Amino acid sequence: MKEKTFRSPYTKVIHAGQHPDPLFGGVSVPIFQSSTFAFQSAEQGAARFAGQDDGYIYTRIGNPTTKALEDCVAALEGGCGGLATASGMAAITTVCLSYLNQGDHIIGTAAVYGPTRTVLEKEFSRFGIEADFVDTSGLSNITACLKRSTKMLFIETPANPTLILTDIRACSRLCKEKGLLLVVDNTFSSPVVQRPLELGADIVIHSLTKFLNGHSDVVGGMIIPKEKSDFDRLRKILTLMGGTMDPHQAWLVLRGVKTLALRMDKCQKNALEVASFLSTHPKVIWVNYPGLESHPQYALAKEQMDGFGSMICFGPKGGLESGRRVINSVKLCTRAVSLGGVETLIEHPASMTHAGVPKPEREKAGITDDLVRISVGCEGEEDLIADLDQALAQIP
Ligand SMILES: *Cc1c(COP(=O)(O)O)cnc(C)c1O
């Protein structure tokens, strides 16, 4: 069966890009831990540099283990290829460095991953690149800050940590009309739950550190463009600037990704149970989870996602102090940033992941001081609910 015909994500995570090794038949893709690759002749070496022979040259430019992971994730997202990066941030900076010039303007979702905003607002500004971060859930907020110099719309949906959604199809229509590149950070959903390229995005980026690897033991990233011309541009910049992935790292992510679809089933089921529990708890004022009918964009979630993910945020009664108490009282949930692993993690964005965003900007983005974020893992839901129940009981 040709891998282009694989329909199900359950099949793709196990087989796309991954073939028994031709030398000994090893079922698991080998780790090609080699920085450089021997040429059979001077002519072959020259042909590889000229692009007439697609064999490997040097691991910063390409590696067979890394390629297996790139092909697997590209198949999951429906892209023309994948480019593995050393981290999710390397994926984001590579995309920006590939397309933005001095004087260009970028619009982003206000509640994005903290360092994405910091790098664009505080570091890319040094090169004369301007950034505006707005609530992209309203299309008019985007159009209101469009400039002649706007080149790119960078969205994260569901947003981090507010879980507000942005309509990918509507953004794609706007970007096509205005000639902008639409980039979607799909880390919070994984391609099992949401495939932005199918909804009209040009480029998807991932932090593989999260759901795709899924075991909180590797850092990595991936860029998946829709078009070959974008793939070529991104590949050139990535391999020149050097933010590429190591083959051992790629092998670890390949090992994790095989269970992605199974893990998503369980953690999403858990998340719905936990969100429902929280939403009726007397010590909880509000809960945001796209799978609750009370979420203001529940209809959009059902339309553009194949599930609701496993990220939840909520506000306990008594605000920040109570949030601290809950975080300090959990016994099963782990107090840690990051997300998408098999273990449930709990954190406080205003003082941790989003502490780098100034408070007025945080508030404007909906990242209030009382907001507690949970990445629901794959434990038994009864144990998770019992743990949160005893932690919430500590609130006076
Ligand atoms: C973690 C994360 C990143 C950055 O990824 P790293 O692998 O930590 O560099 C980017 N976007 C989102 C949504 C993330 O959660």
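What comes next concerns the included structure. Remember, predicted model here, so these are calculated numbers, not experimental data.

1. Observations regarding the sheet that holds strand β8 (residues 284-288)
Judged by pairing direction, the sheet is mixed, and its 5 strands sit side by side in the order β8-β9-β12-β11-β10 without closing on themselves. Here the strands that pair on one side only, and so sit at the sheet edges, are β8 and β10 (334-335). For β8 and strand β9 (residues 311-316), the ladder comprises 4 bridges, and the chain directions are antiparallel. When the bridges of β9 are listed, Val284 appears paired with Pro316.

2. Topic: the sheet that holds strand β2 (residues 105-109)
Strand pairing within a sheet occurs via backbone hydrogen bonds; the two strands may be parallel or antiparallel. Strand order across the open sheet formed by 7 strands is β1-β7-β6-β5-β4-β2-β3, with mixed pairing between neighbours. Strands at the two margins of the open sheet, each flanked by one partner only, are β1 (83-85) and β3 (130-134). Between one strand axis and the next, the sheet turns by 20° as a mean value, whatever way the strands run. Both β1 and strand β7 (residues 221-225) contribute to a ladder of 3 bridges, which runs antiparallel. Looking at the pairing, Ala84 lines up with Met222 of β7. Relative to strand β6 (residues 203-207), helix α4 (residues 88-99) is tilted by about 150°, and along the sheet it contacts β1, β4 (150-156), β5 (181-185), β6 and β7. Contacting β2, β3 and β4, helix α5 (residues 114-123) runs over the sheet at an angle of about 145° to β3.

3. Regarding the side chain of Glu156
With respect to the secondary-structure elements, Glu156 resides in strand β4. Buried charged residue Glu156 carries no salt bridge. Nearest counter-charge: Arg373, at 7.3 Å. A distance of 2.9 Å separates a polar side-chain atom of Glu156 from the backbone nitrogen of Tyr113. Once residues lying within four places of it in the same chain are set aside, the contact partners of Glu156 are Thr109, Ala111, Val112, Tyr113, Thr166, Asp185 and Phe188.

4. Observations regarding the site of the ligand
In the vicinity of the ligand, 14 residues are found, and the nearest of them are Met89, Asp185, Ser207, Thr209 and Lys210. In this structure, Met89 approaches the ligand through a main-chain N or O atom, which is 2.8 Å from an oxygen atom. Asp185 places a polar side-chain atom, nitrogen or oxygen, 2.6 Å from a nitrogen atom of the ligand. With the chains in place, 93% of the 380 Å² that the ligand exposes on its own is no longer accessible. In terms of residues, the shell around the ligand owes the most to one element, α4, which gives 3 residues. Residue classes in the shell around the ligand are distributed as 5 nonpolar, 6 polar and 3 charged.

5. Section: the nonpolar core
Of all hydrophobic cores here, the largest spans 53 residues; its most connected members are Leu69, Leu153, Leu182 and Leu260. For this core, the two domains that each supply at least three residues are domain 1 (7-257) and domain 2 (261-392). The residues contacting Leu69, other than those within four sequence positions of it, are Leu208, Met222, Met245, Ala250, Val253 and Leu254. Cys96, Val119, Leu181 and Phe231 belong to the second largest nonpolar core, which has 29 residues in total.

6. Digging into the pattern of salt bridges
For the coordinates displayed, the defined rule picks out 20 salt bridges. Close ionic contact of Asp71 with Lys67 constitutes a salt bridge, the shortest N to O distance being 2.8 Å. Of this pair, Asp71 and Lys67 are both found in helix α3 (residues 64-77), 4 residues apart, which corresponds to roughly one turn of the helix. According to the relative accessible area criterion, Asp71 is partly exposed, its value standing at 26%. For Glu198, the salt bridge goes to Arg195, with nearest N and O atoms at 3.2 Å. Overall, the relative accessible area of 18% leaves Arg195 in the buried class. Within this structure, Arg117, Glu121, Glu361 and Lys364 form a network of salt bridges that share partners.

The rules we used
Residues numbered from 1 in each chain as written. Predicted model: local features only at pLDDT ≥ 70, side-chain atom pairs only at ≥ 80, totals over all residues. Heavy atoms only, no water. Pairing = 2+ DSSP bridges. Helix = DSSP H or I, 4+ residues; strand = E, 2+ residues; numbered from the N terminus. Axes fitted to C-alpha atoms, helices over the stretch in contact; angles between N-to-C directions. Contact = heavy atoms within 4.5 Å. Buried < 20%, exposed > 50% of the residue type's maximum accessible area, 1.4 Å probe, protein only. Lys, Arg positive; Asp, Glu negative; His and termini not counted. Salt bridge = Lys/Arg side-chain N within 4 Å of Asp/Glu carboxyl O. Polar contact = N/O pair within 3.5 Å; in protein donor to acceptor, adjacent residues only side chain to side chain. Near = heavy atom within 4 Å. Areas by Shrake-Rupley, 256 points an atom, 1.4 Å probe, with all protein chains shown as cover. Nonpolar A, V, L, I, M, F, W, Y, C, P; charged D, E, K, R; others polar. Core = buried A, V, L, I, M, F, W, Y, C linked by side-chain atoms within 4.5 Å. Domains from an automatic or database assignment.

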